[in-house]
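# Coordinate analysis (summary)
Chain by chain, the residues run as shown.
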Number of protein chains: 8
Amino acid sequence: IRTGMPEVIFGKGKTTEQILGIAERLLERASNVLVTRTNEEVAGRMKALYPEAEYFPACGALRVWRDRTMHGKGPLAVISAGTTDMPVALEAVVTAEVMGNDVDQIHDVGVAGIHRLFGNLDRITKARVIVVCAGMEGALPSAVGGLVSCPVIAVPTSVGYGASFHGLAALLGMLNSCASNVSVVNIDNGFGGGYVASLINRL
Amino acid sequence: IRTGMPEVIFGKGKTTEQILGIAERLLERASNVLVTRTNEEVAGRMKALYPEAEYFPACGALRVWRDRTMHGKGPLAVISAGTTDMPVALEAVVTAEVMGNDVDQIHDVGVAGIHRLFGNLDRITKARVIVVCAGMEGALPSAVGGLVSCPVIAVPTSVGYGASFHGLAALLGMLNSCASNVSVVNIDNGFGGGYVASLINRL
Amino acid sequence: IRTGMPEVIFGKGKTTEQILGIAERLLERASNVLVTRTNEEVAGRMKALYPEAEYFPACGALRVWRDRTMHGKGPLAVISAGTTDMPVALEAVVTAEVMGNDVDQIHDVGVAGIHRLFGNLDRITKARVIVVCAGMEGALPSAVGGLVSCPVIAVPTSVGYGASFHGLAALLGMLNSCASNVSVVNIDNGFGGGYVASLINRL
Amino acid sequence: IRTGMPEVIFGKGKTTEQILGIAERLLERASNVLVTRTNEEVAGRMKALYPEAEYFPACGALRVWRDRTMHGKGPLAVISAGTTDMPVALEAVVTAEVMGNDVDQIHDVGVAGIHRLFGNLDRITKARVIVVCAGMEGALPSAVGGLVSCPVIAVPTSVGYGASFHGLAALLGMLNSCASNVSVVNIDNGFGGGYVASLINRL
Amino acid sequence: IRTGMPEVIFGKGKTTEQILGIAERLLERASNVLVTRTNEEVAGRMKALYPEAEYFPACGALRVWRDRTMHGKGPLAVISAGTTDMPVALEAVVTAEVMGNDVDQIHDVGVAGIHRLFGNLDRITKARVIVVCAGMEGALPSAVGGLVSCPVIAVPTSVGYGASFHGLAALLGMLNSCASNVSVVNIDNGFGGGYVASLINRL
Amino acid sequence: IRTGMPEVIFGKGKTTEQILGIAERLLERASNVLVTRTNEEVAGRMKALYPEAEYFPACGALRVWRDRTMHGKGPLAVISAGTTDMPVALEAVVTAEVMGNDVDQIHDVGVAGIHRLFGNLDRITKARVIVVCAGMEGALPSAVGGLVSCPVIAVPTSVGYGASFHGLAALLGMLNSCASNVSVVNIDNGFGGGYVASLINRL
Amino acid sequence: IRTGMPEVIFGKGKTTEQILGIAERLLERASNVLVTRTNEEVAGRMKALYPEAEYFPACGALRVWRDRTMHGKGPLAVISAGTTDMPVALEAVVTAEVMGNDVDQIHDVGVAGIHRLFGNLDRITKARVIVVCAGMEGALPSAVGGLVSCPVIAVPTSVGYGASFHGLAALLGMLNSCASNVSVVNIDNGFGGGYVASLINRL
Amino acid sequence: IRTGMPEVIFGKGKTTEQILGIAERLLERASNVLVTRTNEEVAGRMKALYPEAEYFPACGALRVWRDRTMHGKGPLAVISAGTTDMPVALEAVVTAEVMGNDVDQIHDVGVAGIHRLFGNLDRITKARVIVVCAGMEGALPSAVGGLVSCPVIAVPTSVGYGASFHGLAALLGMLNSCASNVSVVNIDNGFGGGYVASLINRL
Ligand SMILES: Nc1ncnc2c1ncn2[C@@H]1O[C@H](COP(=O)(O)O)[C@@H](O)[C@H]1O
Ligand SMILES: Nc1ncnc2c1ncn2[C@@H]1O[C@H](COP(=O)(O)O)[C@@H](O)[C@H]1O
Ligand SMILES: Nc1ncnc2c1ncn2[C@@H]1O[C@H](COP(=O)(O)O)[C@@H](O)[C@H]1O
Ligand SMILES: Nc1ncnc2c1ncn2[C@@H]1O[C@H](COP(=O)(O)O)[C@@H](O)[C@H]1O
Ligand SMILES: [Mg+2]
Ligand SMILES: [Mg+2]
Ligand SMILES: [Mg+2]
Ligand SMILES: [Mg+2]
Ligand SMILES: [Mg+2]
Ligand SMILES: [Mg+2]
Ligand SMILES: [Mg+2]
Ligand SMILES: [Mg+2]
């Protein structure tokens, strides 16, 4: 039933050998494999075996993307608030692409400079589903949610310091969003944001 | 752009007069109005003015549902874990219905009696999008999420006592779901769950 | 040194007799007295003694405002996100007025309907100092802060439920504001917001 | 009274010399000694002195297991949710074995792939007492608890990130388990889980 | 497989009619039924229908105990720290009795008067399994755990004020117990403590 | 409208190349640039390009301060409690200076040696606006706030250990200040404190 | 060994009959009995039996104080910050008196009006041991601690709102006191403060 | 007034040069100086200048103890629960000694082996004041407090893992102690414990 879904390996806490072993086994039957939270060493070993493998050092994602059939029925936007939220946004982008989406990336449009958000209003309203990544006060999903009528997946990031409490402030902000079209995934879970958005975009 | 969307009033913290005033103004131009977190008094006053108004005392929702056009493209399931989670689930049901969905309700299927969940497997796998309401340990969305490939909106409830910390345990559980298709709304936010699921089901 | 400052009584936790006793003593030498967090009973007793006393039931503030000299050097704006944030905003307004300010009130302009905020842009940018009251995700101070270059005092409110944790979500959001001109007072402390803004507006 | 109990040294925060000193003293009169949370260096030194010592690098446990009398009256199962929970599960296994149990290990059966749990139903229902190790949402003990009628000891692990808050999410989930046969030990306390289960299995 | 197990209804959050309905249905086929967290009204209605029903107002438990077969293989002790912990201890006692145990109750033996605990040493060491209920600092399970070699089920209670944070202090204390034979259930969950202990005592 | 404002780069989480790129672009049109939370490497590279750049290793701030026009209308004081709070205080000083203020620094005047605070009373009362940096119990802003009638910006620091919880104790203390003229910024946010105070001092 | 110690009953959570029963039993052999956290009803019943009983409605303490021997070797001061902290301070006073101390009460001397504290410097420095009660930011013990060299027992109170989190802010502040002579008891535990200070004053 | 008090330097966060500078200045007029939380480097430099300096690597304390007059009026006991609590206990010992006390050390007497505590009953009851250091569940101060009638200063330690939350569990336990003679200092604050106890022992 899950045709066109990539196989996914959560790299954190696994050894290089474990990841390679699982990846090899999966790639015997799957076209596409995504490894999240991995590192240069795994990337090097994988590229030696699968030259088509792409590694994204900013977020630690590794992708073997052979079957590039589009499954998304419209544009999927990934929006981020600040440049330090980019790694999380990138994880969402890499995930959504390997799941067959045409991803429109809009970065550095946090609420304290809300004119930049408005400068992209047409791209934002064109999206069929949106992933919004933001740290610190996590206000961007509410602002975006109020501008569109499509579903918004909010991804709090651990960007910040002090009373951000490693993403807790952003998480709580997003859960209390006064925009009704917002739902939330775990702190720094760009993968989850991209995955849920991709499922929605297939419908 | 938001055709077929009901107008919604969040009743908590508003006086009877405030709610009635807003409702009357909205009903001049909108077919459907939903009031959440309200009470018998408001319900009585509304029914006197709009005999078609329905009140759901278990969750405090009040609905004027005139335009019953279906907007959902498939079955939308609302699943709950225990009988005390029913009020939150009901808020999701009332919301999803007034937004034009055919809602399939599956209750009392918590993970500690997982055979009851399996006894409803065909209904669950048939859904195009699912809302799952659970308190205490909040494990049901993960179990459901693992059985289906559609999007699952998890609604933690404040049901429980002691270390449930008013729904915090369930909320954290759902945010950490190992099922990739799960996203989460605020504790007891049945409305949010039903709303997001309805948006998805229109796509 | 504090000419034109009202005397202030924090009413919560004081008996009617205690408040009346303190107020009488203060009014012998002070023109203006403000009582916060008090009730109808105190208000009735005070009005019997001081007919000019005004009571604001929505926020429980009571004011004897005899010396109405203006001390503010420009417009002081009080902005609130939702109608349920009004009591906190009102405490700020009542405080700022009794401290000699011309207060411009802008309500119901939360970030999920950001066009309403923009519709008031001229009033907002005209202010010399701004108090912003918001509950739930507390995103409004960041949005306002990004639109103006004057100081913004953010007042988180306990409005919300579930993961708002009685105002904690809004508080953390405001402390992590990506707008540099924002500082924060305690949850529901409309008085503090109005007071700090009034001090600034005298400079 | 505690015949057949191993002597246990909690290695964390002790120097190599301290651990060796305690171990030598204990091994003069005890057949079996278990050191938890230790390292390669201690392991090397111990093996030089006691060639029969076994070291388990994945969890840092070190065991001198001379008296292998069985004390458990039936199978003791150790179940884990994901591969990253393995170190904690292994600490439970090593403990239960050195306390004289026949341990049945069932790994990688988290609730998001609940069919894998069901594929082991006969082994699970055969157990006289069960230790369940899970991180993230910590839902597995509830699912297992609902399938069996024997006591289940739940061990939350610190596996996860973001809103797992170093195992807090799993801990709260397990404490709120809707399965009545579940009790809980500290986060990552595989030793405690194996120990309590072993005591129960002797009865 | 669960012969001799009572049927249990969690009364909190259920209406009188709901509880009576479930109880009647269950009592058609079950000998024993336990309702926890219920009230005088339910108790009165139940006694009218089932004269053998016993109600325990101190903890809100209601019991129909017809089949009084003993299933416990030895004495099950329920120990509590202070008189205000008694309601939780009583819930454990009522549960353990209806599950077929001979319960030895030892109350008011908190660690600040540790001689009272020692005065009961023979009864404590005779037990096959022990439930320990304590609020405030929750130290009693560690003290008891150190005196016996049988399993100890710790039940933190919400007794206390201030920094007890509704039982959190006791809960954390018990989870960090330096006695290895201690496992823990939810705050105020006397039922869970009695249930787990009863399961263990059948082995 | 923001004449005389420096351009500010938040260095944390940015690469050396990113910071240099942004700084160069900004310095084409801006006289003054401030980089916070940066390091020796960036400082070296910047000094090579802009010999007038100053680096403050104690707090990681880097400043290009060409236009030294005074904008502050009176003395701006930066007060700190202990020597370990100095880095945060320094960030405030560097910020306030580059924004055109005459900064009066008063250090090591924590409340446990309150005579040192009083020894500086004339300097403190002369200030037009005050930034107060304190860790541990964060009591200094209340004491200062009670001595002056000007606005006080409180900056909690993460100095301390144990129950300071990385600045949470100081933050909560400051938010609950019984001095009405106190508002608060994020933990360790010396920049924010200096910035808000500078805005106020321009009025 | 504890000559001159009163017998103490913690009234919270006990029925009137329970308290009366314990009190009567204790008064057969003890001269002095203190009941904390009780109410008018108990007070009335006690006064009927023991006309010398004194009831303190502001804090709910009830005292039978027959043996008025002084045990304190010098003045014991009880200091409070605001009028709403008085109930907790009163509990400390009542306790210290019944334990044989000459209590010097100094109220309403919070740090925001630090001149009031200094106005009492001679009384404060004369004390042999000091209890300091304060809510909100809990800064008073640090200020007092810095002025004296005797032991200071800090009692955080739950006075405040919002980010005081029911006394947590004051508690954390006091635990992080930069004055070395400060130790802390539970939130609102005036009894504990008075008790510890009395023990110290006997030495 | 503070005759016989050492000068104290809190080493954490200070550079070697800063500590040496302060120490030299203090030693010109003070007989005794204590530096806490410092390191080998500082110790080496200090010993070169002051050969009588003693360094305690287990807790990082450094002491110049020239004036060894006894100020304590009786034995001061320092008790610890486990071997890993020793560093904190040692800080208390070093502090109490340099403040002129005869310190009786009793280690490794945690509540789970309560017979070891009882084996030292005569030493414990002989003490005039007691410092108790414990991590994990922090139960030892309650047990000790119940055995003696002198003041007990409880020092929670950060020893433990998981739900000890870096000493929070022990801290909360001690604040909720059911022994009335217990007061508490910050987590790991052995210095504070020794200091307060020394002040008391002078009385
Ligand atoms: N709503 C409020 N929140 C916080 N502080 C307040 C409030 N109202 C008054 N205050 C402060 O409380 C002080 C008076 O406290 P009191 O002497 O207890 O009446 C005033 O000077 C204000 O600083
Ligand atoms: N991983 C562990 N977690 C919690 N407790 C442990 C662990 N390993 C050993 N222990 C306990 O620590 C005790 C030994 O502590 P110690 O005397 O400090 O070595 C043993 O009797 C066990 O009860
Ligand atoms: N006091 C209690 N605390 C926790 N769980 C309980 C309690 N009383 C009953 N239960 C559980 O609740 C289940 C019944 O739930 P319900 O179907 O909602 O009545 C029983 O099987 C027990 O597992
Ligand atoms: N307000 C209070 N807060 C904390 N402990 C108290 C308080 N009042 C009394 N106690 C303690 O409670 C003990 C009596 O408890 P109980 O036997 O439950 O009445 C006394 O010995 C005191 O140690
Ligand atoms: Mg929402
Ligand atoms: Mg997910
Ligand atoms: Mg800011
Ligand atoms: Mg349970
Ligand atoms: Mg344990
Ligand atoms: Mg304030
Ligand atoms: Mg201290
Ligand atoms: Mg106490």
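Figured I'd write up the structure that's included with this text. (Residues numbered from 1 in each chain as written. Chains lettered and ligands numbered in written order. Predicted model: local features only at pLDDT ≥ 70, side-chain atom pairs only at ≥ 80, totals over all residues. Heavy atoms only, no water.)

With that settled, consider the site of ligand 1. All residues in the neighbourhood of ligand 1 are listed as V8, I9, F10, K14, T36, R37, E91, N189 and F191 of chain C, C178 and S180 of chain F together with Y161 of chain G. Around ligand 1 the close residues trace back to chains C, F and G. Here K14 of chain C contributes a side-chain N or O atom positioned 2.6 Å from an oxygen atom of ligand 1. Take N189 of chain C: an N or O atom from its side chain is 3.3 Å from a nitrogen atom of ligand 1. Notes on ligand 1: free accessible area 500 Å², of which the protein chains cover 74%. Here the shell around ligand 1 is composed, by residue class, of six nonpolar, three polar and three charged. (Near = heavy atom within 4 Å. Polar contact = N/O pair within 3.5 Å; in protein donor to acceptor, adjacent residues only side chain to side chain. Areas by Shrake-Rupley, 256 points an atom, 1.4 Å probe, with all protein chains shown as cover. Nonpolar A, V, L, I, M, F, W, Y, C, P; charged D, E, K, R; others polar.)

This brings us to the relation of the copies chain G and chain H. Laying chain G over chain H is done by rotating through 180 degrees and shifting 0.0 Å along the axis; what remains is an RMSD of 0.0 Å. Taken together, the rotation angle and the small translation identify this as a two-fold axis. Residue V184 of chain G, judged by its C-alpha, is the member of chain G lying nearest the rotation axis, at 2.5 Å. With an isologous cut-off of 70% or more, the 100% of interface residues of chain G that recur at the interface of chain H puts this contact in the isologous class. (Least-squares fit on C-alpha atoms with pLDDT ≥ 70 in both. Contact = heavy atoms within 4.5 Å.)

A rotation about some axis, followed by a shift along it, carries one copy of the chain onto the other. Superposition of chain C onto chain F requires a rotation of 180 degrees combined with a translation of 0.0 Å along the rotation axis, giving an RMSD of 0.0 Å. Taken as a fraction of all interface residues of chain C, those also at the interface in chain F reach 100%, which identifies the copy contact as same-surface.

Axes are the key here: two packed helices are described by the angle between their axes and the distance separating the axes. At their nearest, the axes of helix 7 (residues 168-175) of chain F and helix 7 (residues 168-175) of chain G sit 8 Å apart, and the two run at 125 degrees to each other. In terms of their interaxial angle, helix 7 of chain F and helix 7 of chain G are classed as oblique. Considering only the axes of helix 7 of chain F and helix 7 of chain G, their crossing is left-handed. Contacts from L168, A169 and L172 of chain F of helix 7 of chain F reach helix 7 of chain G at L168, A169 and L172 of chain G. Of the residues contributing to the contact of helix 7 of chain F with helix 7 of chain G, the split by class is six nonpolar, no polar and no charged. (Axes fitted to C-alpha atoms, helices over the stretch in contact; angles between N-to-C directions. Helix = DSSP H or I, 4+ residues; strand = E, 2+ residues; numbered from the N terminus. Parallel < 35°, antiparallel > 145°, perpendicular 65-115°, else oblique. Left-handed = near helix turned anticlockwise from the far one by under 90°.)

This next bit is on the interface of chain C and chain F. Listed per partner, the contact involves 27 residues of chain C and 27 residues of chain F. Both sides of the chain C and chain F interface together cover about 2,200 Å² of buried area, and 65% of this is carbon and sulfur. A per-residue breakdown of the area chain C buries against chain F is headed by S149, L175 and L203 of chain C, which together make up 26% of the total. Between the two partners, chain C and chain F, sit zero salt bridges. Linking chain C to chain F there are four residue pairs in polar contact (both at pLDDT 80 or more). Elements represented by at least two residues in the side of chain C that touches chain F include exactly helix 6 (140-147), helix 7 (168-175), strand 9 (182-184) and helix 8 (190-202) of chain C. Residue contributions to the side of chain C that touches chain F peak at six residues, all from helix 8 of chain C. Considering only residue class, the side of chain C that touches chain F consists of 16 nonpolar, nine polar and two charged. (Buried area = accessible area lost by both parts, 1.4 Å probe. Salt bridge = Lys/Arg side-chain N within 4 Å of Asp/Glu carboxyl O.)

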